Amino acid sequence: MSYRLMFIVNAVVLAIFGVLFMVMPEFVLTQFKSEVYIATLYVARFMGAALLMGGLLLWFLLDVPAKKQKLIAFLMLAGSVGGFAMSVLGMTSIGVLRENGWMLLVLFGAFALIYAYVLFLQPKQTEAKP
């Protein structure tokens, strides 16, 4: 699996969630059984804009050199681990995500595991010499 493929998948997921949070924040928040207040909707729209911006940034970074892609993958791994931790926190002690929080756990966990695999465990490809 290449960095490019991971960036494409991650960019699409971020963009979809970003657009959903920007356009239909009340619908998305009710899917998690979270409180829906005016302030919550406002913050959800800001978060959607940030998610959309992250997705677009990843999309535009598809063709950077491999060394820079590796650094970006480290950042995405850190973000995925942080998102996983915040999802666990939101489901357990804080209780903000009352239902369907497992979707966030699966997404953040899958991205964290795949980025960790690509960065640390994937066998290095060697070029065939003619």
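Counting restarts for each chain: residues are numbered from 1 in the order of the written sequence. For a predicted model such as this one, the threshold for reporting local features is a pLDDT of at least 70, and the threshold for listing and counting side-chain atom pairs is 80 or more; totals across whole chains, interfaces and linings nevertheless cover every residue. No hydrogens and no water enter the side-chain calculation; it runs on all heavy atoms of the structure.

What should I look at first to understand the overall build of the protein in this one?
On a plain count of helices and strands, the protein comes out with five helices and zero strands. Helix numbering and strand numbering both begin at the N terminus, where a helix is a DSSP run of H or I of at least 4 residues and a strand a DSSP run of E of at least 2. Ordered by position in the sequence, the α and β elements of the protein form the string α-α-α-α-α. Oriented by its inertia axes, the alpha-carbon framework of the protein measures out at about 65 × 30 × 15 Å. Relative accessibility under 20% of the residue-type maximum defines a buried residue, over 50% an exposed one, and the middle range a partly exposed one, all with a 1.4 Å probe and only protein chains included. For the protein, the proportion of its 130 residues judged to be buried stands at 30%. By the convention used here, residues are in contact when the closest approach between their heavy atoms is within 4.5 Å. Sequence separation of at least 24 residues holds for 71% of the intrachain contacts in the protein that already meet a minimum separation of 6. Surface accessibility follows the Shrake-Rupley procedure with a 1.4 Å probe radius. Residue values consider only the protein chains on display as shielding. Only carbon and sulfur atoms are counted for the fraction: they give 75% of the accessible area of the protein, which is about 8,600 Å². Positive charges come from Lys and Arg alone, negative charges from Asp and Glu alone, with His and the N- and C-terminal ends not counted. Where a charge lies is defined by one atom per residue type: Lys uses NZ, Arg uses CZ, Asp uses CG and Glu uses CD. Charge-centre separation for the protein: the mean point of 9 positive side chains lies 13 Å from the mean point of 5 negative side chains.

Just to check I follow, could you spell out the packing of helix 1 (residues 3-23) against helix 4 (residues 66-91) for this structure?
In helix packing, the relevant descriptors are the interaxial angle and the interaxial distance, both defined with respect to the helix axes. Taken N-terminus to C-terminus, the directions of helix 1 and helix 4 make an angle of 40°; their axes are 11 Å apart at the nearest point. The angle between the axes of helix 1 and helix 4 places the two elements in the oblique class. Viewed along their axes, helix 1 and helix 4 form a crossing whose handedness is left-handed. Between helix 1 and helix 4, the contacting residues are Y3, R4, F7, N10 and L14 on the first element and Q69, K70, I72, A73 and M76 on the second. For this classification, Asp, Glu, Lys and Arg are treated as charged, while Ala, Val, Leu, Ile, Met, Phe, Trp, Tyr, Cys and Pro are nonpolar and the rest, including Gly, are polar. Its residues assigned to classes, the contact of helix 1 with helix 4 shows six nonpolar, two polar and two charged. Angles shown run from 0 to 180 degrees and are taken between the N-to-C directions of axes, each axis being a line fitted to C-alpha atoms and, for helices, limited to the stretch in contact. Angle categories: roughly parallel below 35 degrees, roughly antiparallel above 145, roughly perpendicular from 65 to 115, and oblique for all the rest. Helix crossings get a hand from a simple test, with the near helix turned counterclockwise from the far one by less than a right angle marking a left-handed crossing and a clockwise turn marking a right-handed one.

In this structure, what is going on with the environment of A116? I would like to understand it.
Within the secondary structure, A116 sits in helix 5 (residues 101-121). Owing to a relative accessible area of 22%, A116 belongs among the partly exposed residues under this scheme. Along the primary structure A116 and F74 are separated by 42 residues, whereas in three dimensions their C-alpha atoms are 8.4 Å apart.

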